[in-house]
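What follows is the residue order along each chain.
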Amino acid sequence: MASIQISDTLIFAPDGHLWVVISDSTKHAGHSIIVNITSDVFRAGKECELNIGDHQWIKKKSYVSFGDARKVTPKEEATIIKLISSGAIKRHFPMKSSVLQKIIAAAKSSKAMPQELKAYL
């Protein structure tokens, strides 16, 4: 695949957190926003709680960590694609549309999500 797209999920390190693409890069000059999912409620807070069944990666109650949200530039995306090709970054199942919409809605109202990143949602 030549690009990362909204709803794609990625694991950047063995046993790492799942990252979710929550914005459409085609609407923002190739820039997209990614957020990670963690079981650490103290790190993430309870702005967006996810449960077993929301995604295949989730094995226990988990939370979206909006404070760790990142903007991916077109140059960074190209690096991510190369790392996917080499196996250093793993793609996982896409996020279900209903769960993705829940994450995006929570991101828009999140106190932890950097304000400048909300513009991409």
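Residues numbered from 1 in each chain as written. Predicted model: local features only at pLDDT ≥ 70, side-chain atom pairs only at ≥ 80, totals over all residues. Heavy atoms only, no water.

**Student:** If you had to explain the overall build of the protein to someone new, which residues and values would you point to?
**Tutor:** Broken down by element type, the protein carries four helices and six strands. Across the protein, helices and strands are ordered from the amino to the carboxyl terminus as β-β-β-α-β-β-α-β-α-α. Taken over the C-alpha trace, the protein has a radius of gyration of 13 Å; the compact-globule value for 121 residues is 14 Å, and the two agree within 12%. The dimensions of the protein, computed from C-alpha atoms along their principal axes, are 35 × 30 × 25 Å. Relative to all contacts within the protein whose residues are 6 or more apart in sequence, the contacts with residues 24 or more apart total 59%. When the accessible surface of the protein is totalled, it reaches about 6,600 Å², and 56% of it is carbon and sulfur. Looking at charge distribution, the protein has the averaged site of its 17 positive side-chain charges lying 1 Å from that of its 11 negative ones. (Helix = DSSP H or I, 4+ residues; strand = E, 2+ residues; numbered from the N terminus. Rg over C-alpha atoms; globule rule 2.2 N^0.38 Å. Contact = heavy atoms within 4.5 Å. Areas by Shrake-Rupley, 256 points an atom, 1.4 Å probe, with all protein chains shown as cover. Lys, Arg positive; Asp, Glu negative; His and termini not counted. Charge placed at Lys NZ, Arg CZ, Asp CG, Glu CD.)

**Student:** Talk me through the nonpolar core; I want residue IDs and the actual numbers.
**Tutor:** Proteins that are soluble and globular tend to have nonpolar side chains buried together. Formed by 23 residues in total, the largest nonpolar core has its most connected members in I22, F66 and I103. Every element with two or more residues in this core is listed here: β2 (18-21), β3 (32-38), β5 (62-72) and α3 (97-109). If one sorts the elements of this core by residue count, α3 sits on top with six residues. If we ignore the near neighbours within four places in the chain, the residues touching I103 are I22, V35, C48, L50, V64, F66 and M95. By size, the runner-up hydrophobic cluster in this structure holds ten residues, among which are L10, V21, I80 and I81. (Core = buried A, V, L, I, M, F, W, Y, C linked by side-chain atoms within 4.5 Å. Buried < 20%, exposed > 50% of the residue type's maximum accessible area, 1.4 Å probe, protein only.)

**Student:** Describe the pattern of salt bridges, listing the residues and the values that go with them.
**Tutor:** Following the criterion strictly, the structure yields four salt bridges and no others. Residue R43 is joined to D68 by a salt bridge in which the shortest nitrogen-to-oxygen separation is 2.8 Å. With R43 in helix α1 (residues 41-44) and D68 in strand β5, this pair connects stretches of sequence that are 25 residues apart. Here D68 falls in the buried class, since its relative accessible area comes to 19%. E49 serves as the salt-bridge partner of K61, at 2.8 Å between the closest nitrogen and oxygen. Of this pair, K61 sits in the loop between β4 (49-50) and β5 while E49 sits in strand β4, and the two are twelve residues apart along the sequence. Here E49 falls in the partly exposed class, since its relative accessible area comes to 26%. (Salt bridge = Lys/Arg side-chain N within 4 Å of Asp/Glu carboxyl O.)

**Student:** Residues and numbers for the sheet that holds strand β1 (residues 9-11), please.
**Tutor:** With antiparallel pairing, the six strands of this open sheet are ordered in space as β4-β5-β3-β2-β1-β6. On the outer flanks of this sheet lie β4 and β6 (90-92), each paired with one strand and no other. In this structure, β1 lies alongside β6, joined through three bridges in antiparallel fashion. Residue pairing for β6: L10 is matched across the bridge by R91. Packing of helix α2 (residues 74-86) onto the sheet brings it into contact with β1, β5 and β6, and relative to β5 it is tilted by some 115°. (Pairing = 2+ DSSP bridges. Axes fitted to C-alpha atoms, helices over the stretch in contact; angles between N-to-C directions.)

Honestly, it's all geometry; don't read function into it.
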